[in-house]
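Chains, contacts and geometry: an overview
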Amino acid sequence: MSNTDKVYGLSKFWQEVNYNFVYLDKVDRAKWDEDYKLLLEEVQNTESDYEYYRLLQKFCATLKDGHTNVYFPENIQSTIFTSYFGEYRLFVTNIANKAIITRINLSKKDEIPIGTEVIKVNGMKTQEYLEQEVIPYISSSTEHILMDWAVSRMFRAPKGTSFDITLKLPNGERKDLTITHEETTEKEVYPAFEERELMDFKWYKDDVAYISLNSFSNPKIDSLFMDKLPQLRKAKKLIVDLRFNGGGNTSIGTNILQYLTYDSLLHGSAYSSRLHIPAFKAWGKWYSLKDTIGASEEDKKWLKQAVLSHQDNYFHYFPYNPKSIDLDREERIVIPTAILIGHNTASAAEDFLIAADNQKHMVKIGEPTFGSTGQPLSFDMPGGGSARICTKKDTYPGGKEFVGYGILPDIQVTKSYDDYMENKDPVLEKAIQYLDKK
């Protein structure tokens, strides 16, 4: 890429954020602009397109939004590895803020047992390495997802990159290893990858029905759910597992939820976006919100729009339309219900939870959800890369925010290192215990 293209790409991203980013009010504008000015020179000194795009990703990450990202061109992305190291294939998971190897190629499972901790990388303690070399490049709305991704992506780098690592095996033994990103020909891994169906259904203790809704991206899940209604109506208690549901289409989820409540309306998320009318921004320079004191209602409205427009903080609130339910009462399944949630419960699955909020027969068990959603504006970048910027803010109907926090469980249960090593599911166990008392 030419220096002209590098400066143009940086400037285009900076400009689109200023104009369209829905959370601009949460950005330190002075620092944002200062970082941009420093990068104008820095991007011109990059020695490769990879290095250039890394700088843009680091700049983007300061916005702290999971739906605002900069992506490598395909010719660069295709050379970047995460888990392949030639004779080794390693998968690392955040467990209790430690980098734990949770899957490895089959032939190495005795050399590096599952449960091994990565305690040093390139001479630095793992946490220090993550803070310096990984976290600054990840765009995330929530701290828990930031840590999850930092650990799982800690070795993401171009082919040929080497890492000197120190491992702590489950028996306490230390092991030093140098690993280099190369293709791994061995396909088998231990433990084997789990194959999840779109929906799973089973019984616990004869009267507790368990149903996992693993995606709302395929409308087929609605018909799968409908097929199970005769069996579900025999249940005395219900577990709905959303821990592996990364979202999809909100209406697919609400088509299921309407059978699990007696409500006549489902109140989903409310949403808004920034509204920019240049003349109001110009007028707002000469006023402040103090000028609304004593003004007529019409003038107050005008002054408020002008001042907030000048601050890039004027919003359009979309009409709110709850979903109407037209089902007979006997068609509903309203029984004690535990909804299992976790860090991978995202987007349309979070919309499902918002619509299910305040249902007295439901309880959420597990960990905070993903905590990022919105409508991204996508655009091309010089050199074949791309970017996206979140333009829509979603909240609970009353304005309560969940982006940046996740939807919180009523009963928090976290899978520990020992749970993982013993292949336990404490969230499911807690749900069964809870329902036993109902």
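To keep things clear, this report deals only with the structure shown in the data block. (Residues numbered from 1 in each chain as written. Predicted model: local features only at pLDDT ≥ 70, side-chain atom pairs only at ≥ 80, totals over all residues. Heavy atoms only, no water.)

So, about the overall build of the chain. In terms of helices and strands, the chain carries 13 helices and 24 strands. Principal axes of the C-alpha set define a box for the chain whose edges measure 70 × 65 × 35 Å. Looking at the chain residue by residue over its 438 residues, the buried ones come to 49%. A fraction of 72% describes how many contacts in the chain between residues 6 or more apart in sequence connect residues 24 or more apart. A total of about 22,000 Å² of accessible surface is found on the chain, and carbon and sulfur atoms cover 47% of it. (Helix = DSSP H or I, 4+ residues; strand = E, 2+ residues; numbered from the N terminus. Buried < 20%, exposed > 50% of the residue type's maximum accessible area, 1.4 Å probe, protein only. Contact = heavy atoms within 4.5 Å. Areas by Shrake-Rupley, 256 points an atom, 1.4 Å probe, with all protein chains shown as cover.)

It is worth spelling out a negative patch on the surface at this point. A grouping of E41, E42, E47 and E51 is seen on the molecular surface, where their side chains present a negatively charged patch. In this structure, E41 sits in helix α2 (residues 29-42). (Patch = residues over 30% accessible without salt bridge, like charges linked within 9 Å, V, L, I, M, F, W, Y side chains within 5 Å. Salt bridge = Lys/Arg side-chain N within 4 Å of Asp/Glu carboxyl O. Lys, Arg positive; Asp, Glu negative; His and termini not counted. Charge placed at Lys NZ, Arg CZ, Asp CG, Glu CD.)

Core analysis: the biggest nonpolar cluster contains 68 residues, and F13, F21, I211, L213, F216, F225 and L232 have the highest contact counts within it. Grouped together as the second largest cluster of nonpolar side chains are 29 residues, F85, I138, A150 and F155 included. (Core = buried A, V, L, I, M, F, W, Y, C linked by side-chain atoms within 4.5 Å.)

Quick look at the packing of aromatic side chains now. The full count for this structure, using the stated rule, is 24 aromatic pairs. Here the aromatic rings of W14 and Y36 are separated by 4.1 Å at their centres, their planes lie at 5°, and the arrangement is stacked. Taken together, the positions of W14 in helix α1 (residues 3-20) and Y36 in helix α2 put the pair 22 residues apart, joining distant regions of the chain. Residue W14 is classed as partly exposed on the basis of its relative accessible area, which comes to 22%. Measuring from centroid to centroid gives 5.9 Å for Y204 and Y210, while their planes differ by 85°, and the two rings are edge-to-face. Pairwise contacts between aromatic rings join Y50, Y52, Y53 and F72 into one cluster. (Phe/Tyr/Trp six-rings, centres within 6.5 Å; stacked < 30°, edge-to-face > 60°.)

With that settled, consider the sheet that holds strand β24 (residues 411-412). Either a parallel or an antiparallel arrangement is found when strands of a sheet pair, and the pairing is made through backbone hydrogen bonds. Spatial ordering of the open sheet is given by β12-β13-β14-β19-β20-β24, a layout of six strands whose pairing is mixed. Either end of the sheet is taken by a strand with one partner, and the two such strands are β12 (199-204) and β24. Bridge count for β12 against strand β13 (residues 208-213) is six bridges, and the pairing is antiparallel. From the neighbouring strand, D200 faces β13, where its bridge partner is S212. Helix-sheet contacts for helix α7 (residues 220-232) involve β12, β13 and β14 (237-241), and the interaxial angle to β12 is about 15°. (Pairing = 2+ DSSP bridges. Axes fitted to C-alpha atoms, helices over the stretch in contact; angles between N-to-C directions.)

What follows concerns a nonpolar patch on the surface. A cluster of nonpolar side chains, contributed by W283, W286, Y287 and W302, occupies part of the molecular surface with about 480 Å² of accessible area. With respect to the helices and strands, W283 occurs in helix α9 (residues 278-283).

Moving on to the side chain of T345. Examined against the element boundaries, T345 turns out to sit in the loop between β19 (337-341) and α11 (348-355). Excluding anything up to four places from it in sequence, T345 contacts L242, R243, N245, E350, L353, T369 and F370.

Attention now moves to the pattern of salt bridges. Across all of its chains, the model carries 21 salt bridges by this definition. Between K205 and D436 there is a salt bridge whose closest N-O contact spans 2.8 Å. Here the residue K205 occupies a position in the loop between β12 and β13, and D436 occupies one in helix α13 (residues 426-436), the gap between them amounting to 231 residues. Connected through shared salt-bridge partners, R29, R274, K281 and D312 make up one network.

Turning our eyes to something else, we now look at the packing of α1 against helix α3 (residues 49-61). Any two packed helices are characterised by the angle at which their axes cross and by the distance between the axes. Two elements in contact, α1 and α3, have axes whose closest approach is 11 Å; the angle formed by their N-to-C orientations is 15°. The angle between α1 and α3 places the two elements in the roughly parallel class. For α1 against α3, the interelement crossing comes out right-handed. On α3, the residues that touch D5, K6, G9, L10, F13 and W14 of α1 are Y52, L56, F59 and C60. Classifying every residue of the contact of α1 with α3 gives seven nonpolar, one polar and two charged. (Parallel < 35°, antiparallel > 145°, perpendicular 65-115°, else oblique. Left-handed = near helix turned anticlockwise from the far one by under 90°. Nonpolar A, V, L, I, M, F, W, Y, C, P; charged D, E, K, R; others polar.)

Looking now at a positive patch on the surface. A cluster of basic side chains, namely K98, K120, K125, K168 and R174, defines a positive patch on the protein surface. Position of K120 among the secondary structure elements: in strand β6 (residues 117-121). Its relative accessible area of 37% is what places K120 among the partly exposed residues.

In spatial order, the strands read β1-β22-β21; together these three strands make up an open sheet with antiparallel pairing. Both outer strands of the open sheet, β1 (69-71) and β21 (376-380), are each paired with one neighbouring strand and no more. Geometrically, the sheet is characterised by an average inter-axis angle of 15° between neighbouring strands, direction not taken into account. In the sheet, β21 pairs with strand β22 (residues 386-390) via five bridges, with the strands oriented antiparallel. Bridged to S378 within β22 is R388.

Its 14 residues give α2 an end-to-end C-alpha distance of 20 Å, which sits within 8% of 20 Å, the value for a rise of 1.5 Å per residue. Taken together, the buried positions of α2 are occupied by W32, D35, Y36 and L39. When α2 is viewed along its axis, its buried side chains cluster within an angular range of 105° and face the same direction. Counted as exposed and oriented over 90 degrees from the buried face of α2: A30, K37, L38 and E41. Contacts from the buried residues of α2 go to α1 and α3. The opening residue of α2, the one whose side-chain oxygen lies 3.3 Å from the backbone nitrogen of A30, is D28. (Expected span 1.5 Å × (residues − 1). Arc of directions from axis to C-beta. Polar contact = N/O pair within 3.5 Å; in protein donor to acceptor, adjacent residues only side chain to side chain.)

These figures come from the coordinates and say nothing about function on their own.
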